Amino acid sequence: MSKIPLPTEPPRERAFMVGVELSGKPGLLTIDDSLRELALLADTAGLAVVGQTYQRLREPNPKTFIGSGKVREVRTLAEDVVADVFLFDEELSPRHQRELEKVLDHATRPGEGMRVIDRTALILDIFAQHANTREGSLQVELAQYEYRLPRLTRAWTHLARQAGGGGGRAGQA
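All of the points below concern the structure found in this document.

Reading the values: rules and limits
Residues numbered from 1 in each chain as written. Predicted model: local features only at pLDDT ≥ 70, side-chain atom pairs only at ≥ 80, totals over all residues. Heavy atoms only, no water. Helix = DSSP H or I, 4+ residues; strand = E, 2+ residues; numbered from the N terminus. Contact = heavy atoms within 4.5 Å. Areas by Shrake-Rupley, 256 points an atom, 1.4 Å probe, with all protein chains shown as cover. Polar contact = N/O pair within 3.5 Å; in protein donor to acceptor, adjacent residues only side chain to side chain. Pairing = 2+ DSSP bridges. Axes fitted to C-alpha atoms, helices over the stretch in contact; angles between N-to-C directions.

**Description of the overall build of the chain**
(1) Moving on: Each helix and strand in the chain was counted, giving 5 helices and 4 strands.
(2) Moving on: Ordered by position from the N terminus, the helices and strands of the chain form the series β-α-β-α-β-α-β-α-α.
(3) Moving on: Sequence-distant contacts in the chain: of pairs separated by 6 or more residues, those separated by 24 or more amount to 73%.
(4) Moving on: Surface accessibility of the chain: about 11,800 Å² in total, with carbon and sulfur atoms responsible for 54%.

**Considering the side chain of Asp89**
(1) Moving on: Of note, Asp89 is situated in the loop between strand E3 (85-88) and helix H3 (94-104).
(2) Moving on: One polar contact links Asp89 to Ser34, side chain to side chain, over a distance of 2.4 Å.
(3) Moving on: If we skip the residues at most four places from it in the chain, Asp89 touches Val18, Gly19, Ile31, Ser34, Leu35, Leu38 and Arg119.

**Concerning the sheet that holds strand E2 (residues 47-57)**
(1) Moving on: Pairing in this open sheet of 4 strands is parallel, and the strands run E2-E1-E3-E4 from one edge to the other. Every interior strand has two partners, whereas the edge strands, E2 and strand E4 (115-118), have only one. Within this sheet the neighbouring strands show an average axis-to-axis angle of 25 degrees, counted without direction.
(2) Moving on: As paired strands, E3 and E4 are joined by 4 bridges and run parallel to one another. In the strand pairing of E4, Val85 is matched with Arg115.
(3) Moving on: Docked against the sheet, helix H1 (residues 31-44) engages strand E1 (13-22), E2 and E3, running at close to 155 degrees with respect to E2.
(4) Moving on: Helix-sheet contacts for H3 involve E3 and E4, and the interaxial angle to E4 is about 145 degrees.

Laid out in structure tokens, this is it:
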């Protein structure tokens, strides 16, 4: 009886890529070339690309960047391929990212939050993985903090009104 060796590496996260082609915004690459490049970046970051789609838009949806129908389609496709991460080819605003995380959350694994990341976050992650010197690591960490700061501004607003029974009247008679 031969023994099958067990894998020693953790399983790779499974990424579902979403591209957007904005009309009136000329790009250096076609949407297909841009998604191929994004797939190479994902592989470098240690992600396994399990699916992709794209949408042509005149302008981004103010709430979710892509249209509501495409959001539902992305969620369904990601459930079919059991994706862990949604990877967007365009840079997402903090609002777009927050709204997409709300809508796409629990798409494949109920009880676990789905990550929505864009090309910029992916590139910063690659730099962080490959920074070899202390100075390089600190520079990448600073860039990551600067990128994440606007995405954290409303993270704790649910605590804003929890002043307690006194409402700031501590020490007054």
